[in-house]
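# Descriptive structure summary
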Amino acid sequence: MNKKRISKGFWVWGQFDQKSSIEVDAIKQNLNNKLKGPEFEPHITLSGPLIEGNKYIKETLNQISKEHHKFSIYSEGLGIRDVFFQALFIKITKKKTLLAFKKLIDDRLNLKTTGYFPHISLFYGNTTKEIKSKTTEELKPPKELKLSSICLVEVDEEVDLWEVVERFPLK
């Protein structure tokens, strides 16, 4: 059974401290200059989709952010798939801290999710594996990135919309 991809709604992203954001964005821009994909902010998707981004969801995310400290996530290197929204990415290690944080968000928002694949997208597109491999040969992702905020993001992939509605800094 093939589950239909939901392309419009709200998601919860994790975003990074300034140092980590600069490192990821430099790689993203390097790839996008060569491969010409859509623009989006560096992030790791933590949860979603949600049908709406209402006051309850914002209050819940705000409360979670006040309860949790910034924490590190760790890279396993670059990855390539033949999937438009996972074309080129930094694969993230499934550490207990990240998985527990995701589960907390899912539980508080009453979301049932399975099969979490933690990654930081660098490029969205339908380019061949050979071209993607060639453009990543000399790129080295950072080994450690600091997750410093969560945000509610409105997404409509049909019109290349990834708009941060509200950002909640971790303590």
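This text follows the structure it describes.
Let me sum up the structure you'll find in this document. Keep in mind that this is a model prediction, so the values were computed, not measured.

Topologically, Tyr116 is positioned in the loop between α3 (96–108) and β5 (119–123). Considering only alpha carbons, one finds Tyr116 and Leu99, 17 residues apart in sequence, at a separation of 8.7 Å. Not counting the four nearest positions on each side in its chain, Tyr116 is found in contact with Ile44, Thr45, Leu46, Lys94, Leu98, Leu99 and Lys102. A polar side-chain atom of Tyr116 sits 2.8 Å from the main-chain carbonyl oxygen of Thr45.

Our next topic: the pattern of salt bridges. Taken as a whole and judged by the stated rule, the model has 10 salt bridges. Across the salt bridge formed by Lys28 and Glu39, the nearest N and O atoms sit 4.0 Å from each other. Taken as a pair, Lys28 in helix α1 (residues 18–35) and Glu39 in the loop between α1 and β2 (44–50) lie far apart in primary sequence, 11 residues in all. Given a relative accessible area of 1%, Lys28 falls into the buried group. The class of Glu39 is partly exposed, set by a relative accessible area of 48%. Put simply, Glu76 and Lys91 hold a salt bridge, and the shortest N to O gap is 3.6 Å.

With 8 of 9 residues buried, strand β1 (residues 8–16) lies mostly within the body of the structure. Where β1 lies against strand β6 (residues 144–156), 9 bridges are found, and the strand directions are antiparallel. Residue pairing in the sheet places Val12 in a bridge with Leu152 of β6.

Looking now at the side chain of Thr60. Relative to the assigned elements, Thr60 resides in helix α2 (residues 55–67). Separated by 2.8 Å, the side chain of Thr60 and the backbone oxygen of Tyr56 make a polar contact. Ignoring any residue separated from it by four or fewer positions in sequence, one finds Thr60 in contact with Arg108 and Leu109.

Below, the discussion takes up the environment of Glu157. Tracing the backbone shows Glu157 in the loop between β6 and β7 (161–169). Glu157 sits 73 residues away from Phe84 along the chain, and the two C-alpha atoms are 11 Å apart.

Okay, the nonpolar core next. Ranked by internal contacts, the top residues of the largest apolar core, which has 35 residues, are Ile44 and Leu61. Sequence-distant contacts of Ile44, that is, excluding residues within four places in its chain, are made with Val12, Trp13, Gly14, Phe16, Ile73, Ile92, Leu98, Tyr116, Pro118, His119, Ile120 and Leu147. In terms of nonpolar packing, the next biggest core, distinct from the first, is built from 10 residues, Phe40, Phe85, Tyr124 and Val164 among them.

Turning to helix α4 (residues 129–136), a few remarks are in order. When we look at burial in α4, the residues that qualify are Lys132, Thr135 and Thr136. With its buried residues spanning 95° around the axis, α4 presents them on a single face. Exposed residues lying more than 90 degrees from the buried face of α4 are Glu130 and Lys134. Considering only its buried residues, α4 is in contact with α1, β3 (71–80) and β4 (88–92).

Basis of the calculations
- Sequence order as written defines the numbering, with residues in each chain counted from 1.
- Per-residue local features of the predicted model are confined to residues with pLDDT of at least 70, and side-chain atom pairs are confined, for both listing and counting, to 80 or more; whole-chain, interface and lining totals are unaffected and use all residues.
- The basis for every side-chain value is the complete set of heavy atoms in the structure, and neither hydrogens nor water enter the calculation.
- Secondary structure follows DSSP: runs of H or I at least 4 residues long count as helices, runs of E at least 2 residues long count as strands, and numbering of each begins at the N terminus.
- Here, residues are in contact when the closest pair of their heavy atoms is within 4.5 Å.
- Here a polar contact means two N or O atoms within 3.5 Å. Within protein one must be a hydrogen donor candidate and the other an acceptor candidate, and residues neighboring in sequence count only if both atoms are side-chain atoms.
- The salt bridge definition used is simple: a Lys or Arg side-chain nitrogen within 4 Å of an Asp or Glu carboxyl oxygen.
- Think of it in three bands: residues with accessible area under 20% of the maximum for their type are buried, residues over 50% are exposed, and the middle band is partly exposed, with areas taken using a 1.4 Å probe on protein chains only.
- Strands pair, by our definition, only if DSSP identifies at least two bridges between them.
- Buried Ala, Val, Leu, Ile, Met, Phe, Trp, Tyr and Cys residues form a nonpolar core when they are joined through side-chain atoms within 4.5 Å.
- Working definition: the arc comes from the directions between the helix axis and the C-beta atoms, pointing outward to the latter.

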